[in-house]
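So the chains spell out like this:
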Amino acid sequence: MEINSADFVIGVASPAQLPTSTQPEVAFVGRSNVGKSSLINLVLGRRRLARTSGSPGKTREFNFYLVNEAFHLVDLPGLGYARVSRADRTRWARHIRSYLQSRQTLCLVFHLIDSRHSLMEADDELLDLYRNGEVPVVVVLTKADKLSGNERKKAQQRVKTDLLARGLELPLVLASSLRKEGRDEILDWIGVSIAGAP
Ligand code: GTP
Ligand code: MG
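Residues numbered from 1 in each chain as written. Chains lettered and ligands numbered in written order. Predicted model: local features only at pLDDT ≥ 70, side-chain atom pairs only at ≥ 80, totals over all residues. Heavy atoms only, no water.

Novice: Hey, could you run me through the overall build of the protein chain in this one?
Specialist: A count of helical and extended segments in the protein chain gives five helices and seven strands. Beginning at the N terminus, the succession of helices and strands in the protein chain can be written as β-β-α-β-β-α-β-α-β-α-β-α. For the protein chain, whose C-alpha radius of gyration is 16 Å, the value lies close to the compact-globule estimate of 16 Å for 198 residues. Counted over contacts in the protein chain with a minimum sequence separation of 6, partners at least 24 positions apart contribute 73%. (Helix = DSSP H or I, 4+ residues; strand = E, 2+ residues; numbered from the N terminus. Rg over C-alpha atoms; globule rule 2.2 N^0.38 Å. Contact = heavy atoms within 4.5 Å.)

Novice: It is not clear to me how the site of ligand 1 should be interpreted in this structure. Could you clarify?
Specialist: The environment of ligand 1 is made up of 22 residues, and the closest members are K36, S38, G57, T59 and D145. Within the contact set of ligand 1, an oxygen atom lies 2.9 Å away from a backbone nitrogen or oxygen of G35. In this structure, S37 approaches ligand 1 through a side-chain N or O atom, which is 2.9 Å from an oxygen atom. The fraction of the free accessible surface of ligand 1 (660 Å²) that becomes covered by protein chains is 86%. For the shell around ligand 1, the residue count by class is three nonpolar, 13 polar and six charged. (Near = heavy atom within 4 Å. Polar contact = N/O pair within 3.5 Å; in protein donor to acceptor, adjacent residues only side chain to side chain. Areas by Shrake-Rupley, 256 points an atom, 1.4 Å probe, with all protein chains shown as cover. Nonpolar A, V, L, I, M, F, W, Y, C, P; charged D, E, K, R; others polar.)

Novice: What am I meant to see in helix α4 (residues 149–165) here?
Specialist: Because an α-helix packs 3.6 residues into every turn, residues spaced three or four apart end up facing the same way. In a regular helix each residue adds 1.5 Å, so 17 residues correspond to 24 Å; α4 covers 25 Å between its end C-alpha atoms and thus fits that length. Taken together, the buried positions of α4 are A155, V159 and L163. When α4 is viewed along its axis, its buried side chains cluster within an angular range of 60° and face the same direction. Away from the buried face of α4 by more than 90 degrees, exposed residues N150, K153, K154 and A165 are located. Trailing α4 by a residue or two, G167 shows a phi angle of about 75°, which is positive. (Expected span 1.5 Å × (residues − 1). Buried < 20%, exposed > 50% of the residue type's maximum accessible area, 1.4 Å probe, protein only. Arc of directions from axis to C-beta.)

Novice: What should I look at first to understand the side chain of H95 in this one?
Specialist: Looking at where H95 falls in the secondary structure, it is placed in helix α2 (residues 86–102). Given the relative accessible area of 12%, H95 is considered buried.

Novice: Please explain the packing of aromatic side chains as it appears in this structure.
Specialist: Ring pairs (aromatic) are described by centroid distance and by the angle formed between their planes. Evaluated as defined, the whole model comprises four aromatic pairs. A centroid spacing of 5.4 Å and a plane angle of 70° characterise the contact between F62 and Y99, whose relative ring orientation is edge-to-face. Here the residue F62 occupies a position in strand β3 (residues 62–67), and Y99 occupies one in helix α2, the gap between them amounting to 37 residues. Side by side, F62 and Y99 carry an identical accessibility label, which is buried. Ring-pair connections join several aromatic residues into one group, and the members of that group are F62, W92 and Y99. (Phe/Tyr/Trp six-rings, centres within 6.5 Å; stacked < 30°, edge-to-face > 60°.)

So, in structure tokens, the structure goes:
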């Protein structure tokens, strides 16, 4: 799939404000600072469309990008950012869960995990949602540039094992926004999901 156009549409702070839409939607979720916004920029071929930051907690809204005038990419706030209050963290997690569970137009979720770390508590809070298999999920291992060839294999194996231990068998993609790696594979997954969307 090729990206011909990509524009920011809207940022909303709660599920109640989500735009009504009939176009298929692809969401990027994962822990704070894992590289969601950077990956969206890589996928869209735009350096600064989605705001990124060296400090966690940059994305505070559900940010919608209209792509090829045909579908939305949604950049979500990070999960589990330790510096925000527990109440805020819980509220965000609830918003994200509710979005993943009830958004009718959602046709694909990219769940991002730092390739150096594997699954953490904040990931676990969402994994049970994926078990019912309603929306396809692809796991992306981010910041792969930080790993050597051997470590890359080990990281993939570790995450695969950790997911299997939770009863999940999900496709894995190794990505690096820094080295522009993983883009084609991610676009292929998007292409397939958009084509299959009602
Ligand atoms: P929140 O919006 O806070 O949840 O973070 P995010 O998941 O959107 O992460 P973001 O894209 O803002 O990136 C966080 C930090 O990781 C930034 O300092 C990025 O430069 C860095 N980063 C993102 N992707 C990569 C990557 O592929 N490799 C390396 N080495 N660093 C990366
Ligand atoms: Mg972000």
